[in-house]
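# Report on the structure
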Amino acid sequence: MRRTQFLSQDGRLYLAVGCGAAAGSLVRYLVGIAVHTGGVPPFFATTIVNVAGSFIIALFAAMTGPDGRIMVRPIWRQFVMAGFCGGLTTFSSMSLDPLLLAAGRHPFGAGLYLACVILLSLLAALAGHLLATRLNQVPSS
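How each quantity is defined
- Residues numbered from 1 in each chain as written.
- Predicted model: local features only at pLDDT ≥ 70, side-chain atom pairs only at ≥ 80, totals over all residues.
- Heavy atoms only, no water.
- Helix = DSSP H or I, 4+ residues; strand = E, 2+ residues; numbered from the N terminus.
- Buried < 20%, exposed > 50% of the residue type's maximum accessible area, 1.4 Å probe, protein only.
- Areas by Shrake-Rupley, 256 points an atom, 1.4 Å probe, with all protein chains shown as cover.
- Contact = heavy atoms within 4.5 Å.
- Expected span 1.5 Å × (residues − 1).
- Patch = residues over 30% accessible without salt bridge, like charges linked within 9 Å, V, L, I, M, F, W, Y side chains within 5 Å.
- Salt bridge = Lys/Arg side-chain N within 4 Å of Asp/Glu carboxyl O.
- Axes fitted to C-alpha atoms, helices over the stretch in contact; angles between N-to-C directions.
- Left-handed = near helix turned anticlockwise from the far one by under 90°.
- Nonpolar A, V, L, I, M, F, W, Y, C, P; charged D, E, K, R; others polar.
- Phe/Tyr/Trp six-rings, centres within 6.5 Å; stacked < 30°, edge-to-face > 60°.
- Disulfide = S-S within 2.5 Å.

So, on to the overall build of the chain. Counting its regular elements, the chain contains five helices and zero strands. Written out in order from the N terminus, the α and β elements of the chain read α-α-α-α-α. Burial status across the chain gives 26% buried among its 141 residues. Of the roughly 9,400 Å² of accessible surface on the chain, a fraction of 70% belongs to carbon and sulfur atoms.

In structure tokens, the structure reads:
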């Protein structure tokens, strides 16, 4: 008797991305609670998850890419990169935060916020990539 697969390869990939997104969204929510509980303005949570997500996606992409030192199945790359990082980062929220600042008559604050978030996210992505490149060159033990 032939065993049938529960899910096709595509179905498993979609499930992995969905589960990764759920995990990333949960982490994003928990960071928001932690920031709010600490009495910090809410837009800091958005900044934290966007910067962390930029670092994680660049680090993971470089570490698991063709020249990386960690070999993972494509489904795990999609779980982390499209799923977890996609659920974690909040570009839509980041777009709303400066809009609310500008609507509250703080256009300079809105511009400064956007510049800082974009710069920090790019720097975090660069740091993740550089770290992965360095780790990829360390001899295995």
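Below, the discussion takes up the environment of Phe-60. Tracing the backbone shows Phe-60 in helix H2 (residues 43-64). Taking C-alpha positions, Phe-60 is 29 Å from Leu-112, a pair spaced 52 residues apart along the chain. Excluding residues within four positions of it along the chain, Phe-60 makes contact with Val-72, Trp-76, Arg-77, Val-80 and Met-81.

With phi around 65°, Arg-105 is a residue other than glycine that occupies positive phi space. Taking relative accessible area as the criterion, Arg-105 reaches 76% and is therefore assigned exposed.

What follows covers helix H1 (residues 9-37). For H1, spanning 29 residues, the distance from its first C-alpha to its last is 42 Å, which sits close to the expected 42 Å at 1.5 Å a residue. Contacts from the buried residues of H1 go to H2 and helix H3 (74-88). Immediately downstream of H1, the backbone of Gly-39 shows phi near 75°, a positive value.

Together, Leu-119, Leu-120, Leu-123, Leu-126 and Leu-130 make up a nonpolar patch on the protein surface, roughly 460 Å² of accessible area in all. Here Leu-119 is to be found in helix H5 (residues 107-137).

This part covers the packing of H1 against H3. Across the interface, H1 lies against H3 with an axial gap of 6 Å and an inter-helix angle of 35°. Seen from above, H1 lies across H3 with right-handed handedness. Contacts between H1 and H3 involve Arg-12, Leu-13, Ala-16, Val-17, Cys-19, Gly-20, Ala-21, Ala-23, Gly-24, Ser-25, Val-27 and Arg-28 on the former and, on the latter, Ile-75, Gln-78, Phe-79, Ala-82, Gly-83, Phe-84, Gly-87 and Leu-88. Classifying every residue of the contact of H1 with H3 gives 12 nonpolar, six polar and two charged.

For the rest of this paragraph, the subject is the packing of aromatic side chains. Enumeration over the complete set of coordinates arrives at three aromatic pairs. With a centroid separation of 5.4 Å and an interplanar angle of 70°, the aromatic rings of Trp-76 and Phe-79 are classed as edge-to-face. A residue pair is termed a helical-turn pair when its members lie 3 or 4 positions apart in one helix, as Trp-76 and Phe-79 do in helix H3 at three residues. Taken together, the aromatic side chains of Phe-43, Phe-44 and Tyr-113 make up a single cluster linked through ring pairs.

Throughout the structure, instances matching the rule amount to zero disulfides. The cysteine Cys-19 is free of any disulfide, with Cys-85 supplying the nearest cysteine sulfur at 15 Å. In this structure Cys-85 comes out as buried when scored by relative accessible area, which is 3%.

Functional significance is not addressed by these values, which are geometric in nature.
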